[in-house]
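# Observations on the three-dimensional arrangement
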Amino acid sequence: METPRETEQGREFRADGRRAAGLPPEVLKRLYQLAFWPAMLGVIETVGVLALAIAACLIWWTPWVVAPLLIVICSRQQACFVLAHDAAHYRLFAQRWLNDLVGCLVAIPVGISMRTYRVVHRLHHNHLYEARDPDIPLHGGYPRGRAYLVKKLLRDLTGATAPKTYAYFFGAPAINDDAAAVNRPLDDTAPELRRAARIDRWWVVGFHVAAPIAAYAGGYLVEYLVLWLLPLVTLLQALLRLRAICEHGAVSDTASPLLAARSNTGPAWLIWLMFPHQVNYHIEHHLYPAIPFYNLRRAHAEMQARGLLHGAEVRDIRDTLRRIFAERPVQAKPA
């Protein structure tokens, strides 16, 4: 069964076809269906929690309130990334103009160009763990030892890695050494997507020039810097790295679609913080990238019921963390 956009050269997100047996076409048809309100409720929840957290900080401007709510703000900033991710897949809203408008509106405040990310992320899906996968420098090679990963996360928390992160979302990912000559995402896409990405980046730059000026003019510059910019360039950087490694790091077989990505389960509060909008079901997303975020849990249940996840990298998040922080690969078979 063809997935939406699969046949459009230079813009397609290919489903991973390396698994012989998959979900029946009639089930996939239901799972692929886009629905306005589940998507809109995801946007409302993300924006609403951000607004409430920021308002609470402004009302009770003390470290005892601001410090814990910075974690909440950071988690919803990541939720904006996830919504932009669905928009990049054309899977947020059925109407293209609405999909791209909302995708850009949630992406721009967190510093990413959704239309540029669409171009970069396509290579990750179509070349997972191959030389052209732009995400390998982030999640490849694990486990590398506890000290290595802790050092990386601490460096993220200083803000030192933020420029590299935003370069990725502007179409210049860190180059995989095995693909230095070919990993140029903007050269491998449809011309209209390349033009849209270039325009989109100017909107991102314009917003982030205007935002601190507007905050200063309104007398909220310190609040803007502490409540928005600080988590954006520190806490969020560590969270994005950790989630990416939980999704693809320390896997047991990069040649298998069931083992090159990982679906994480765990306590609801931790999944809410680390994996917003069902993005924890990452095997399902790679196998069927046309499934919108609000149907991924159903896809997981359908695959489990049919035994399609037997032997797959489906793990409790605590087991995943133990594996990615390990000194050497864990030898036990996948759960």
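Now for a quick tour of the structure. (Residues numbered from 1 in each chain as written. Predicted model: local features only at pLDDT ≥ 70, side-chain atom pairs only at ≥ 80, totals over all residues. Heavy atoms only, no water.)

### Notes on the overall build of the protein chain
- Counting its secondary structure elements, the protein chain contains 15 helices and two strands.
- In the protein chain, buried positions account for 55% of the 335 residues.
- Taking the contacts inside the protein chain whose residues are at least 6 apart along the sequence as the reference set, 74% of them involve residues at least 24 apart.
- Carbon together with sulfur atoms contributes 64% to the accessible area of the protein chain, which is approximately 15200 Å² in total. (Helix = DSSP H or I, 4+ residues; strand = E, 2+ residues; numbered from the N terminus. Buried < 20%, exposed > 50% of the residue type's maximum accessible area, 1.4 Å probe, protein only. Contact = heavy atoms within 4.5 Å. Areas by Shrake-Rupley, 256 points an atom, 1.4 Å probe, with all protein chains shown as cover.)

### A look at unusual backbone geometry
- With an omega of 5°, the peptide bond running from Tyr142 to Pro143 counts as cis.
- One can find Pro143 in the loop between helix H6 (136-139) and helix H7 (146-157).
- Look at Ala250: it is not a glycine, yet its phi comes out positive at around 55°.
- Here Ala250 lies in the loop between helix H11 (235-248) and strand E1 (263-265).
- Unlike most non-glycine residues, His277 shows phi in positive territory, near 55°.
- With respect to the secondary-structure elements, His277 resides in the loop between helix H12 (268-274) and helix H13 (282-287).

### Focus: helix H4 (residues 96-107)
- In this model H4 runs 16 Å from its N-terminal to its C-terminal C-alpha over 12 residues, within 8% of the 16 Å that 1.5 Å per residue would give.
- Structurally, H4 contributes buried residues whose contacts are with helix H2 (36-59), helix H3 (63-88), helix H5 (114-126) and helix H9 (191-217). (Expected span 1.5 Å × (residues − 1).)

### Quick look at H5
- Taking 1.5 Å of rise per residue, the 13 residues of H5 would be expected to cover 18 Å, and the 18 Å separating its terminal C-alpha atoms lies within 8% of that figure.
- Within H5, 12 of the 13 residues are buried, which leaves it mostly tucked inside the rest of the structure.
- All of the buried residues along H5 are Met114, Thr116, Tyr117, Arg118, Val119, Val120, His121, Arg122, Leu123, His124, His125 and Asn126.

### What about the side chain of Asn295?
- When you line up the elements, Asn295 lands in the loop between H13 and helix H14 (296-305).
- A relative accessible area of 5% places Asn295 in the buried class.
- Excluding its chain neighbours within four sequence positions, the residues that come into contact with Asn295 are Arg30, Leu31, Gln33 and Gln278.

### Some thoughts on the packing of aromatic side chains
- On inspection of all chains with the given rule, the structure shows seven aromatic pairs.
- With centroids separated by 5.2 Å and ring planes inclined at 85°, the aromatic side chains of Phe81 and Phe169 adopt a geometry described as edge-to-face. Taken together, the residues span a long stretch of sequence, with Phe81 in helix H3 and Phe169 in the loop between helix H8 (162-168) and H9 at a distance of 88 residues.
- Residue classification places Phe81 among the buried residues on the basis of a relative accessible area of 5%.
- Residue classification places Phe169 among the buried positions, given a relative accessible area of 9%.
- For the ring pair Tyr168 and Phe169, a centre distance of 5.0 Å and an interplane angle of 75° mean the geometry is edge-to-face. (Phe/Tyr/Trp six-rings, centres within 6.5 Å; stacked < 30°, edge-to-face > 60°.)

### Concerning the packing of H2 against helix H10 (residues 221-233)
- The contact between H2 and H10 brings their axes to 11 Å, and the two run at 135°. Between H2 and H10, the crossing angle belongs to the class labelled oblique. Where H2 crosses over H10, the two elements pack in a sense that is right-handed. Mapping the contact onto sequence places Leu50, Ile54, Cys57 and Leu58 in H2 and Glu223, Leu227 and Trp228 in H10.
- Its residues assigned to classes, the contact of H2 with H10 comprises six nonpolar, no polar and one charged. (Axes fitted to C-alpha atoms, helices over the stretch in contact; angles between N-to-C directions. Parallel < 35°, antiparallel > 145°, perpendicular 65-115°, else oblique. Left-handed = near helix turned anticlockwise from the far one by under 90°. Nonpolar A, V, L, I, M, F, W, Y, C, P; charged D, E, K, R; others polar.)

### Re a nonpolar patch on the surface
- A surface patch of nonpolar side chains, amounting to about 430 Å² of accessible area, comprises Phe36, Trp37, Leu41 and Ile44.
- As for its position among the elements, Phe36 is in helix H2. (Patch = residues over 30% accessible without salt bridge, like charges linked within 9 Å, V, L, I, M, F, W, Y side chains within 5 Å. Salt bridge = Lys/Arg side-chain N within 4 Å of Asp/Glu carboxyl O.)

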